[in-house]
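Per-entry structural report
The residues making up each chain are set out below.
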Amino acid sequence: MTAPIVIVGAGQAAASFISRHVALGSEQPLLLVGEESHPPYQRPPLSKKYLLGELERERLFIRPLQWYADQAVELRLDTRIDTIDRERRQVISSNGESIDYDKLLLCTGSRARTLPAEIGGSLDGVFTLRSIDDIDRMSPEFQAGRKLLIVGGGYIGLEAAAVGRKLGLEVTVLEMADRILQRVAAAATSDYFRDLHCAHGVSLHESTRLARLLSDGGKVCGAELESGDIIDADLVLVGIGSIPNNEIAQAAGLDCANGISVSETCQTSDAHIYAAGDCCNFVRNEQHIRLESVQNAADQGDLIARVLAGEKVTYTALPWFWSDQYDCKLQIVGLNHGYSQTVLRPGVNPGSQSIWYYRDQQLLAIDAMNEPKSYAFGRKIIEAGKHPTAEEVADPSTDLKALAMG
Amino acid sequence: MANITWKMEDGSEISADVKDGLNLMEAATANNVPHIEGECGGCLSCATCHVFVAPEWLAKTGEIDDIEDTMLEMTDVEREDNSRLSCQIIASAELDGLVLHVPEPE
């Protein structure tokens, strides 16, 4: 009997791989191993509607549990894989069970970076945000009037800040860089979201370094800044980035560098092993990148199913992202790495605008705030390899649809 | 509750009873309807849940708002007058018997 394709990590990439594998009518059996007790679910709503209490847990699941059984996919949840034995083509779980694989798919994702215990990172009331269980632990603490301190002004922190304000908490955000979203967006986008959060009553501190979290009998009660200032807090959310889960790959001798290195077909340095999603690092436009997004996880999972079915395909998908904060829908297309200038395109409605990123004359990416036309037509423009001038883009009377189709 | 039917280009059909309040992208993925992906989870960012609504049902499925109207420009199979993103159609008793045609990308 042929060994199954074993998928380690039950997230969006795994679900997408399985869906495509099934849709292609591939016969080879699948076995999905997940460390959490849940089948694959959507993570983006966790820091948005799920934390807000507006989405039932059942609706997070990408497919109902029964679906996997119907497709003859074997599920091993609550199971952690500790070792890959490449010689024997087996993975070994933390309880010592060996599972044979014909092909192995690593969809191990990433984990939230935490604050060191020496500065209070493991006190009660300090949370990170990555899983259903994380939200289920923290959401009872999200009560009106409480003081929420968020360490890190990235998307996770800002989305949680918006939820906190909607639920009536007092919210403070600390960002050590000189502006929020510095790692991922241009100053104009940071300015937009700073104004948005300040208008909603968030106390936002940039260029501000945390010295340590303060403890009251083991429970967090505030933070001391490097300046010596003290901020009171009832709960703390740490949103300071994520770390790829590539340890088992590294221990097995697979090439890794900020994630598991993969080829344009998502193959690792072992021809029997593939990797997809947050855990892997790939080359795009001659740059080594690692993306944390649904689009990337889903498209890479899909691609591997096609590759294993014998299709001659390579990974060229255009990245896209989104974020919801208050009434603002941010939609992003492309990657802005290496941009040299940005162009602001005013929107039609108040609070709507888009930021277009250029490297010289080349259009790289767009951040669209309540501006779906810039996102949708901008995506078509980038896909078509067109590069409208800064003047065209900045002029609100320019018809983007015509630019995209023309 | 509404009984929804998805018709594929090859003539096959899938029917399912869908609970009130669920959107029809969720209902499609739960029932293994091919070509409906719903990558963005229904937040109008991916246009991968495109369907054609049987014309006699179009009025009952509700209005298309500006964002959906824009995102319909991005579908793999070109939009037509009866195109909708199925994540924006919410199941209710009103839609009992609804028929959706599922476009198949090249």
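Residues numbered from 1 in each chain as written. Chains lettered and ligands numbered in written order. Predicted model: local features only at pLDDT ≥ 70, side-chain atom pairs only at ≥ 80, totals over all residues.

1. Structural notes on the overall build of chain A
Selection rule: Per the convention used, a helix needs a DSSP run of H or I reaching at least four residues, while a strand needs a run of E reaching at least two, with both numbered from the N terminus. Note on method: radius of gyration uses C-alpha positions; expected globular size equals 2.2 Å times residues raised to 0.38. Residue burial here comes from a neighbour count, namely the number of other C-beta atoms, placed from the backbone, that lie within 10 Å of the residue's own C-beta, with 20 or more meaning buried, 12 or fewer meaning exposed, and in between meaning partly exposed. A pair of residues counts as a contact when their C-beta atoms, built from backbone coordinates, are within 7 Å of each other.
Helix and strand counts for chain A stand at eleven helices and 26 strands. For 406 residues, the compact-globule estimate of 2.2 N^0.38 gives 22 Å, and chain A sits close to it at 22 Å. In chain A, which comprises 406 residues, the share counted as buried stands at 48%. Within chain A, contacts between residues separated by at least 24 positions form 60% of all contacts whose residues are at least 6 apart in sequence.

2. Describing the overall build of chain B
Helix and strand counts for chain B come out as two helices and five strands. N-terminal to C-terminal, the α/β element order of chain B is β-β-α-β-α-β-β. Principal axes of the C-alpha set define a box for chain B whose edges measure 30 × 30 × 25 Å. A buried classification covers 44% of the 106 residues belonging to chain B. Contacts spanning at least 24 positions in sequence make up 65% of the contacts within chain B whose residues lie at least 6 apart.

3. Overview of the interface of chain B and chain A
Here is the rule we go by: Residues are grouped as follows: Ala, Val, Leu, Ile, Met, Phe, Trp, Tyr, Cys and Pro are nonpolar; Asp, Glu, Lys and Arg are charged; every other residue, Gly included, is polar.
Each side of the interface is counted separately: chain B has 15 residues, and chain A has 21 residues. Contributions of two or more residues to the side of chain B that touches chain A are made by α1 (24-30) and α2 (66-71) of chain B. Per-class residue counts for the side of chain B that touches chain A are seven nonpolar, five polar and three charged.

4. Concerning the domain arrangement of chain A
Residues and elements named next belong to chain A. What counts, and what does not: Residue ranges for the domains originate in an automatic or database domain assignment.
Examined at the domain level, chain A breaks down into domain 1 (5-111 + 243-308), domain 2 (114-238) and domain 3 (327-405). On a C-alpha basis, the centroid separation for the pair domain 1 and domain 2 is 30 Å. The interface is formed by 13 residues belonging to domain 1 together with twelve residues belonging to domain 2.

5. Side note on unusual backbone geometry
Residue and element names in this part refer to chain A. The residue D78 is not glycine, and still its phi comes out positive at about 55°. Turning to its location among the elements, D78 is positioned in the loop between β3 (73-76) and β4 (81-85). Given 11 C-beta atoms within 10 Å, D78 falls into the exposed group.

6. So, helix α8 (residues 294-308) of chain A
The cut-off we apply is this: Each residue after the first adds 1.5 Å to the expected span of a helix.
The end-to-end C-alpha distance of α8 of chain A is 21 Å, a good match for the 21 Å that 15 residues give at a rise of 1.5 Å each. Counted residue by residue, α8 of chain A has 14 buried out of 15 residues, so it is predominantly covered.

7. Quick notes on helix α9 (residues 372-383) of chain A
Residue and element names in this part refer to chain A. With twelve residues, α9 should cover 16 Å at 1.5 Å per step; its first-to-last C-alpha distance of 16 Å lies within 8% of that length. Counting buried positions over the twelve residues of α9 gives ten, a clear majority of the element. Among the residues of α9, those classed as buried are P372, K373, S374, Y375, A376, F377, G378, R379, I381 and I382. Where α9 ends, the next residue or the one after it, G385, has phi of about 70°, a positive value.

8. Some remarks on the nonpolar core
Test applied: In this usage, the nonpolar core is the set of buried Ala, Val, Leu, Ile, Met, Phe, Trp, Tyr and Cys residues whose C-beta atoms join them within 7 Å.
Judged by nonpolar contacts, the single largest core of 151 residues is most densely connected at I7, V8, L105, L106, V236, A276 and I304 of chain A. Ignoring any residue separated from it by four or fewer positions in sequence, one finds V8 of chain A in contact with V33, I81, V91, L104, L105, L106, C107 and T108 of chain A.

9. What about the pairing of strand β22 (residues 320-325) of chain A?
Residue and element names in this part refer to chain A. This is how the line gets drawn: Note on pairing: two strands pair once DSSP finds at least 2 bridges between them.
Counted residue by residue, β22 has five buried out of six residues, so it is predominantly covered. As judged from the six bridges shared by β22 and strand β23 (residues 328-334), these two strands associate in the antiparallel manner. When the bridges of β23 are listed, Q325 appears paired with C328. The turn joining β22 and β23, which pair antiparallel and follow one another in sequence, is formed by two residues; a positive phi near 55° is taken by Y326.

10. Here we look at the pairing of strand β13 (residues 210-216) of chain A
All names here are of chain A. When β13 meets strand β14 (residues 219-225), the two strands line up antiparallel, connected through six bridges. Paired with L210 across the strands is L225, a residue of β14. Linking two consecutive strands that pair antiparallel, namely β13 and β14, is a turn of two residues; a positive phi of about 60° is found at G217 within it.

11. Let's talk about the sheet that holds strand β5 (residues 90-93) of chain A
Each strand in a sheet pairs with its neighbour through backbone hydrogen bonds, running either in the same direction (parallel) or in the opposite one (antiparallel). Residues and elements named next belong to chain A. Inclusion rule: Comment: axis = line fitted to C-alpha atoms, over the contacting stretch for helices; angle = value between 0 and 180 degrees taken between N-to-C directions.
A sheet is described by the order of its strands in space; here three strands give the open sequence β4-β5-β6, paired in antiparallel fashion. The open sheet terminates on both sides in strands that have one partner only, identified here as β4 and β6 (98-100). Averaged over neighbouring strand pairs, the angle between their axes works out to 25° when direction is ignored. Note: β5 against β6, three bridges, orientation antiparallel. Bridging from a neighbouring strand, Q90 pairs with D100 of β6.

12. Details of the packing of helix α1 (residues 12-23) of chain A against α8 of chain A
All names here are of chain A. To be explicit about the condition: Each crossing gets its handedness from the near helix: less than a right angle anticlockwise from the far helix is left-handed, clockwise is right-handed.
Between α1 and α8, whose axes approach to 7 Å, the crossing angle comes to 35°. As α1 runs across α8, the sense of the crossing is right-handed. Residues Q12, A13, A14, S16, F17, R20 and H21 of α1 pack against V294, A297, A298, Q300, G301, D302, I304, A305 and R306 of α8. Within the contact of α1 with α8, the residues separate by chemical class into eight nonpolar, five polar and three charged.

13. Digging into the sheet that holds strand β24 (residues 341-346) of chain A
All names here are of chain A. The sheet built from five strands is open, its strands ordered β22-β23-β26-β25-β24 with antiparallel pairing. Two strands bound the open sheet, and with one partner strand each, they are β22 and β24. Recorded for the sheet is a direction-independent mean angle of 15° between the axes of neighbouring strands. Relative to strand β26 (residues 362-369), β23 runs antiparallel, the two being bridged by five bridges. In the strand pairing of β26, L330 is matched with M369.

14. Focus: the confidence of the model for chain B
Low pLDDT marks regions whose predicted coordinates should not be analysed in detail. The criterion, for reference: The predictor reports its confidence for every residue as pLDDT, a score running from 0 up to 100.
In this model, chain B carries a mean pLDDT of 95, and residues with pLDDT of at least 70 account for 100%. Across the predicted assembly, pTM comes out at 0.96 and ipTM at 0.93.

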